[in-house]
Amino acid sequence: MYAVIDIGSNTIRLVLYKIEQNQIKSLLNKKSPAGLAGYLNKDRCLKKSGIRKAVSVLSEFREILDHMTIQEVFPFATASLRNINNAPEVLEAIKENCGFDVRILSGEEEAIFDYYGALQVMDMEHGLLTDIGGGSTELVFYRQHAIQTATSLPTGSLNLYQQYVKNHLIARKSELQQIQKEMRKKLQELPPPKAAPSDLCAVGGTARAALKMVQAFQKKPEMSIASYVPADLREILDSAVHTPDIFIKQLLKTAPDRIHTFLPGAAVLYTIADFYGITKITTVPYGVREGYLYYLLEQRGKLHGR
């Protein structure tokens, strides 16, 4: 068994995996909504309280792992530590208190590992992949089963919530419009893709929550891999604006831990789909964690490339 620890801006997650017939299978998935992006000071340093929060969650994970037979633990951080100015201090505190040597992934690495992860469960022939996290959004254009470009934007559901949503829990219409305007501006600054994608592969927590909400609104059974059209997502955003009571009740049933970050994340997902003229959004359950593990185990000869 192998363990992966993902220290994100919104959540910290521990996932245990086994290798079966050259495939990665998840066995246990435990997460804590730590919200580290909410502990930044004006100098973009993680506050002492934020460091204590990270150490507290990781100490719990350490205790779990100490009672299990694990071949190796692979801890990594994404925008949560990549975008702060005191990362060495945080890494030292984690090492000293929890014994984990945490690797900070670059934005490009995160995007590439997202692609490798999705590749385990989906045929990635031609399209765009996105992962909307708490502190960053990754975009990978791929064609003929190969990455064309991999980009990371320092814009995510949690930092957008903090920047645009004021004095209330759920984003309002004007705030969602601001978020979409900001995201569209960032997309316009990127080089255009060599070939326009029609399919969008969505990975990560925002994508999974969006799929669950679409399935709930359409009264369809929950499936971890499924497709829908951007208009389905637009319907959910419209519901949040026009019938907020119905929307909030459904969100509390479907993704209660994302009560404040869901709408900013969904607005970003819809903006990406609309900007690139996407006709189909497919959500898959594998992403950066599985891609990172696959990459490391392939390097060690434990897995063989697909």
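Check the entry above for the structure.
Below is a short write-up of the structure. By convention here, each chain's residues receive numbers from 1 onward along its written sequence. Residue-level local features of this predicted model are given only where pLDDT is at least 70; pairs of side-chain atoms are given and counted only at 80 or more, and the full residue set underlies all totals for whole chains, interfaces and linings. Each side-chain value is derived from all of the structure's non-hydrogen atoms; neither hydrogens nor water enter the calculation.

Within the chain, the secondary structure is distributed over eleven helices and eleven strands. Computed over the C-alpha atoms, the radius of gyration of the chain is 19 Å, within 12% of the 19 Å expected from 2.2 N^0.38 for a compact globule of 306 residues. For the chain, the spread of C-alpha atoms along the principal axes amounts to about 50 × 45 × 40 Å. Categorising residues by exposure relies on relative accessible area from a 1.4 Å probe, with only protein chains included: less than 20% of the type maximum marks a residue as buried, more than 50% marks it as exposed, and the intermediate range marks it as partly exposed. For the chain, with 306 residues in total, the buried portion stands at 51%. Between two residues, a contact is recorded if the distance between any of their heavy atoms is within 4.5 Å. At a minimum sequence separation of 6, the contacts of the chain that also span at least 24 residues come to 68%. Here the accessible surface of atoms and residues is derived via Shrake-Rupley with a 1.4 Å probe, and residues count as covered only by protein chains that are part of the display. Accessible surface for the chain amounts to roughly 13,900 Å². Of this, 48% is attributable to carbon and sulfur atoms. Within the chain, one finds 37 positive and 32 negative side-chain charges whose respective centroids are separated by 4 Å. Runs of H or I in DSSP of at least four residues are treated as helices and runs of E of at least two as strands, each being numbered from the N terminus. Restricting the calculation to C-alpha atoms gives the radius of gyration, and the globule rule supplies 2.2 Å times the number of residues raised to the power 0.38. In this charge count, Lys and Arg are treated as positive and Asp and Glu as negative; neither His nor the chain ends contribute. The atom standing in for a charge is NZ when the residue is Lys, CZ when it is Arg, CG when it is Asp and CD when it is Glu.

Let's shift gears to the sheet that holds strand β9 (residues 199–203). Between any two strands, at least two bridges found by DSSP are needed for them to pair. Pairing is mixed across the open sheet formed by six strands, whose spatial order is β8-β7-β6-β9-β11-β10. Only two strands of the sheet have a single partner each, and these edge strands are β8 (146–153) and β10 (226–228). With direction set aside, neighbouring strand axes in the sheet form an average angle of 20°. The pairing of strand β6 (residues 126–132) with β9 spans four bridges and is classified as parallel. Among the inter-strand pairings, Leu128 is bridged to a residue of β9, identified as Leu200. Every axis corresponds to a line fitted to the C-alpha atoms, with the helix fit spanning only the stretch in contact, and the corresponding angles, defined between N-to-C directions, vary from 0 to 180 degrees. Along the sheet, helix α4 (residues 107–119) contacts β6, β7 (137–143), β8 and β9; its crossing angle with β8, the most-contacted strand, is approximately 130°.

Our next topic: the pairing of strand β3 (residues 23–32). When strand β2 (residues 12–20) meets β3, the two strands line up antiparallel, connected through nine bridges. Bridging across to β3, Glu20 finds its partner in Gln23. Hairpin connection, β2 to β3: the antiparallel pair is bridged by two residues, and Gln21 has positive phi, about 55°.

Across six bridges, the pairing between strand β1 (residues 2–7) and strand β4 (residues 72–77) is parallel. Along β4, the bridge assignment pairs Ile5 with Pro75. Direction of pairing for β4 relative to strand β5 (residues 103–104): parallel, over a ladder of two bridges. Following the sheet pairing, Ala77 is matched in β5 by Ile104.

Where a protein is soluble and globular, its nonpolar side chains tend to be buried together. By nonpolar core is meant a set of buried Ala, Val, Leu, Ile, Met, Phe, Trp, Tyr and Cys residues that side-chain atoms within 4.5 Å join together. Core analysis: the largest hydrophobic core is formed by 46 residues, its most contacted members being Phe247, Phe262, Leu263 and Ile272. Those residues within four positions of Leu263 in sequence are excluded, and the remaining contacts are Ile170, Ala171, Leu176, Leu237, Ala240 and Phe247.

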